[in-house]
Structures are given as C-alpha cells and as structure tokens.
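Residue-level listing of the chains:
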Amino acid sequence: MKYKVLVIIIAAILAAGIIGSIAVINSTDKSTVRVLSDGKEIYRADLRTAQDTVFDVEYQGHVNTVEVRDHQIRVQSADCPDQTCVHMSWLKSSATPVVCLPHRLVIEYADSSDDVDAVTG
C-alpha cells in the first residue's frame, strides 16, 4: 500500500515537472530580441513595436540575411553550407535560439537581466 502511494506521488511530481518545463519552453511573453555576431550584439529590438525590416549580417565575407516581419524574427537566407539557421525558421522560444555556427550568428530573446547586472544592481 505504501509502495503504491509513493509511486503515485513520484509520478505526480514527474508530471508536474514535465508540464512546467513545456510551459517555460513554449512561453512567448518575451518580446525583446537581440542579434549577436561573433559574440557582439549588433541589433536589439522589441518585436511588439519593431518595424518590418530586412538586414544583412556579414562575417568574414559570408552573409546572413535577417528578417523582422509581423512581430517575428528569423534568418531569411544564408550562404552557409548546411542552412540549419534558415530551416529553424522564426524564433519561437527563449530555450531554442536561431543559430548559424559557421557564421557565428545567434538570434535570441534578450533576458531582462541583460540590462542590469544582478550583483552590482
């Protein structure tokens, strides 16, 4: 009897953890995005107010074309061989940034802690 209760409690905790993780991964409450090229921020915008635009990001002679449209952002095209960043499509979650490894490009949601250092305030 005690074994069944223990199994039910563990299963409930596991289910709550899975549901919570899915909710966090799929949350879209963030709206500020940033584009990093070789670790340096080159673009930051609030997608709720950003104008539709297309711009190129160059890295060592290679180009990624980034598109902001309808309050979303993505890599529209790239001249890298695998095209993974293009196939990732629109940025959907803070857990999965759009990344082009050959060109060292990252598109991600900006964390609110990026603006203020937690130690110094």
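As the structure is a computational prediction, the values presented were derived from the model and not from experiment. (Residues numbered from 1 in each chain as written. Predicted model: local features only at pLDDT ≥ 70, side-chain atom pairs only at ≥ 80, totals over all residues. Heavy atoms only, no water.)

> It is not clear to me how the overall build of the chain should be interpreted in this structure. Could you clarify?
The number of helices and strands found in the chain is two helices and seven strands. Reading the helices (α) and strands (β) of the chain from amino to carboxyl end gives α-β-β-β-β-β-α-β-β. The proportion of buried residues among the 121 residues of the chain is 29%. Of all intrachain contacts in the chain linking residues separated by at least 6 positions in sequence, the fraction that spans at least 24 positions is 34%. Element-wise, carbon and sulfur atoms account for 58% of the exposed surface of the chain, whose accessible area totals about 8,100 Å². (Helix = DSSP H or I, 4+ residues; strand = E, 2+ residues; numbered from the N terminus. Buried < 20%, exposed > 50% of the residue type's maximum accessible area, 1.4 Å probe, protein only. Contact = heavy atoms within 4.5 Å. Areas by Shrake-Rupley, 256 points an atom, 1.4 Å probe, with all protein chains shown as cover.)

> I'm lost on the sheet that holds strand β3 (residues 53-59) in this one. Help?
The strands making up a sheet associate through hydrogen bonds between their backbones, and the pairing can be parallel or antiparallel. The strand order across the open sheet formed by three strands is β3-β4-β5, and the pairing between neighbours is antiparallel. The open sheet is flanked by β3 and β5 (72-78), the only strands paired with a single partner. The average angle at which neighbouring strand axes cross in this sheet is 25°, direction not considered. As defined by bridge partners, strand β4 (residues 62-69) adjoins β5 across six bridges and the pair is classed as antiparallel. The partner of asparagine 64 across the bridge, within β5, is alanine 78. (Pairing = 2+ DSSP bridges. Axes fitted to C-alpha atoms, helices over the stretch in contact; angles between N-to-C directions.)

> Can you walk me through the state of the cysteines in this structure?
One way to say it: the disulfide is the covalent bond shared by the sulfur atoms of two cysteines. Scanning the model with the defined rule gives zero disulfides in all. Not engaged in a disulfide, the cysteine cysteine 80 finds its nearest cysteine sulfur in cysteine 100; these two sulfurs lie 3.8 Å apart. (Disulfide = S-S within 2.5 Å.)

> Would you mind showing me how to read the pairing of β3 here?
Two strands pair when backbone bridges link them, and β3 and β4 are joined in this way by seven bridges, in the antiparallel orientation. Residue pairing across strands places aspartate 56 opposite threonine 65, the latter belonging to β4. Hairpin connection between β3 and β4: a loop of two residues separates the two successive antiparallel strands, and glutamine 60 in this loop has a positive phi of roughly 50°.

> Which parts of the structure should I look at to understand the pattern of salt bridges?
Where charged atoms of side chains with opposite charge meet at close range, the side chains can pair. Counted by the stated rule, this structure contains eight salt bridges. In this structure, the salt-bridge partner of glutamate 108 is arginine 34, at a minimum N-O distance of 2.6 Å. Placement of the pair is glutamate 108 in strand β7 (residues 105-109) and arginine 34 in strand β1 (residues 32-37), with a sequence separation of 74 residues. Owing to a relative accessible area of 18%, glutamate 108 belongs among the buried residues under this scheme. Residue class for arginine 34 comes out buried when judged on its relative accessible area of 17%. With a closest N to O distance of 3.2 Å, arginine 104 and aspartate 38 form a salt bridge. Of this pair, arginine 104 sits in the loop between β6 (98-100) and β7 while aspartate 38 sits in the loop between β1 and β2 (40-46), and the two are 66 residues apart along the sequence. For arginine 104, a relative accessible area of 47% gives the class partly exposed. Residue classification places aspartate 38 among the partly exposed residues on the basis of a relative accessible area of 34%. If you follow the salt bridges from partner to partner, you end up with Arg34, Glu41, Arg44 and Glu108 in one network. (Salt bridge = Lys/Arg side-chain N within 4 Å of Asp/Glu carboxyl O.)

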